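Spelled out, the chains give:
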Amino acid sequence: MGFGAFLTQAVLISLSGVMAPGPLTVVVVGKGARSPRAGALIALGHGAVEFPLMVLIALGLGPFFQNAAFATTVGLAGGAVLLWMAAGLLLSLRPGRIQEAGPERMREASPFMAGMLMTGGNPYFIVWWATVGATLVFRAWTYGVWQFVVFAVIHWSLDLVWYFFLSSAAFRGTKLLGDRFLKGISLIAGLMLLYFGVRFLVDALGKLL
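Every chain begins its residue count from 1, and numbering advances along the sequence as written. Predicted model: local features are reported for residues with pLDDT of at least 70 only, side-chain atom pairs are reported and counted for 80 or more only, and whole-chain, interface and lining totals are derived from all residues. Excluding hydrogens and water, the side-chain values take into account all heavy atoms of the structure.

1. Here we look at the overall build of the protein
- We count a stretch as a helix when DSSP gives it H or I for four or more residues in a row; a strand needs E for two or more, and each element gets its number in order from the N terminus. Looking only at helices and strands, the protein features 8 helices and 0 strands.
- Throughout, a contact is declared for two residues whenever any of their heavy atoms are within 4.5 Å. Intrachain contacts of the protein at a sequence separation of at least 6 include 82% that bridge at least 24 residues.

2. A short note on the packing of helix α2 (residues 23-32) against helix α5 (residues 111-120)
- Running from N to C, α2 and α5 point in directions that differ by 165°, and their axes come no closer than 9 Å. The angle between α2 and α5 falls in the class roughly antiparallel. In the crossing of α2 with α5, the sense of the turn from one axis to the other is right-handed. Packed against α2, whose contacting residues are P23, L24, V27 and K31, the element α5 presents P111, A114, G115, M118 and T119 at the interface.
- Partitioning the contact of α2 with α5 into residue classes produces 6 nonpolar, 2 polar and 1 charged. Axis definition: a line fitted to C-alpha atoms, over the contacting stretch in the case of helices. Angles run 0 to 180 degrees between N-to-C directions. By the definition adopted for this analysis, an angle is roughly parallel if under 35 degrees, roughly antiparallel if over 145, roughly perpendicular if from 65 to 115, and oblique otherwise. Take the far helix as the reference: if the near one is turned anticlockwise from it by less than a right angle, the crossing is left-handed, and if turned clockwise, right-handed. In this classification, Asp, Glu, Lys and Arg are treated as charged, Ala, Val, Leu, Ile, Met, Phe, Trp, Tyr, Cys and Pro as nonpolar, and every other residue, Gly included, as polar.

3. Thoughts on the nonpolar core
- Judged by nonpolar contacts, the single largest core of 20 residues is most densely connected at L53, M54, I57, W129, V137, F148 and F151.
- Elements supplying a minimum of two residues to this core: α1 (3-18), α3 (38-61), α6 (123-143) and α7 (145-177).
- The dominant element in this core, judged by the number of residues it contributes, is α6, at 8 residues.
- Contacts of F148, omitting those with residues within four sequence positions, involve M54, V55, A58, V137, A140 and W141.
- For the purposes of this section, nonpolar cores are sets of buried Ala, Val, Leu, Ile, Met, Phe, Trp, Tyr and Cys residues that join through side-chain atoms within 4.5 Å. Here's how the labels work: a residue is buried when its accessible area is under 20% of the maximum for its type, exposed when over 50%, partly exposed in between, all with a 1.4 Å probe on protein chains only. Counting residues in each nonpolar core, the second largest holds 19 residues, with V26, V27, V28 and M118 among its members.

4. Here we look at the packing of helix α4 (residues 68-91) against α5
- Where α4 contacts α5, the two axes come as close as 8 Å, and the packing angle between them is 140°. With respect to their mutual orientation, α4 and α5 come out oblique. The residues of α5 that touch α4, namely those facing V74, V81, L82, W84 and M85, are A114, L117, M118 and G120.
- Tallied by class, residues from the contact of α4 with α5 come to 8 nonpolar, 1 polar and no charged.

5. Regarding the confidence of the model for the protein
- With 90% of its residues at a pLDDT of 70 or more, the protein shows a mean pLDDT of 82.
- You can read pLDDT as the predictor saying how much it trusts each residue, on a scale of 0 to 100. The least confident element of the protein, judged by mean pLDDT, is α4 at 80; the most confident is α3 at 92.
- Across residues 97-107 the pLDDT falls below 50, and counting only partners more than four positions away or on other chains, this stretch makes 24 contacts in the model.

6. Some details on the packing of aromatic side chains
- Aromatic rings from Phe, Tyr and Trp, with only the six-membered ring used for Trp, were paired whenever their centres fell within 6.5 Å, and each pair was classed as stacked if the ring planes differed by under 30 degrees, edge-to-face if by over 60, and tilted otherwise. For the structure shown, the criterion picks out 10 aromatic pairs.
- Look at F51 and W156: their rings are 6.0 Å apart centre to centre, the planes differ by 45°, and that puts the pair in the tilted class. Here F51, found in helix α3, pairs with W156, found in helix α7; they are 105 residues apart in sequence, far enough to count as distant.
- A relative accessible area of 30% means that F51 is categorised as partly exposed.
- Judged by relative accessible area, W156 falls into the buried class, the value being 14%.

7. Concerning helix α8 (residues 179-208)
- Multiplying 1.5 Å by the helix residue count minus one yields the expected span of that helix. Across its 30 residues, α8 extends 43 Å between first and last C-alpha, which sits within 8% of the 44 Å expected from 1.5 Å per residue.
- Taken together, the buried positions of α8 are L182, I185, S186, A189, G190, L193, F196, G197, F200 and A204.
- Elements that come into contact with the buried residues of α8 comprise α2, α4, α6 and α7.

8. Overview of α3
- Helix geometry: α3 is bent most strongly at G47, by close to 30°.
- Where α3 is concerned, the buried positions are A38, G39, I42, A43, G45, H46, G47, E50, L53, M54, I57 and A58.
- Next to the buried residues of α3 lie α2, α5, α6 and α7. Two axes define the bend at a residue: one fitted to the seven residues ending there, one fitted to the seven starting there, and the bend is the angle between them.

9. Things to note about the environment of E50
- If you trace the backbone, E50 turns up in helix α3.
- For the pair formed by E50 and T119, sequence separation is 69 residues and the distance between their alpha carbons is 7.7 Å.
- Leave out the neighbours within four places in its chain, and E50 touches F125, W129, H155, W156 and D159.
- What qualifies as a polar contact is a pair of N or O atoms within 3.5 Å, subject to a donor-acceptor requirement within protein and to the restriction that residues adjacent in sequence count only when both atoms come from side chains. Reaching out from E50, the side chain makes a polar contact with the side chain of H155 at a distance of 3.1 Å.

What follows is the structure, encoded as structure tokens:
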């Protein structure tokens, strides 16, 4: 298979992971309701974790990320972070809070930091890269170092485009529909993060029992 055909296949496979709903998608929409640039910043934070992870897998450390103890640790940490962010979103819905300025408004991480936290703390993201993603990484590596770099950049670019689209759409909805839409997005995002946080913790604790 030529490198062009591989890239086409890699894009199609990557899209299944990029567009799958998850905690990072929820954060993109929630923060995008306040800023159209949030998606791009979250993608940068996502890439700050994803690029080193791809390099580590290419260097042969993929099996480490499949370790049960590692997955459990990531699940516990990720669940705790998700609950913290859910609390920040839901507390922002208290009367008068939605209009407050400054970082205290939502008691959340910045979009860039949120991208890093939601990526590094998502055990399903780690599992995807340790299995499906690892296959793509190894195949890209066989074509050469620069081909691997091209694959990595194209894969991340899919995240960038998708998250920017989502945050821009959420921001346009807020501009058109006002605070009611913003409160609705914050409520849904908060509840979804709460769900994912509990799910991560339950799954991680289940591995310990």
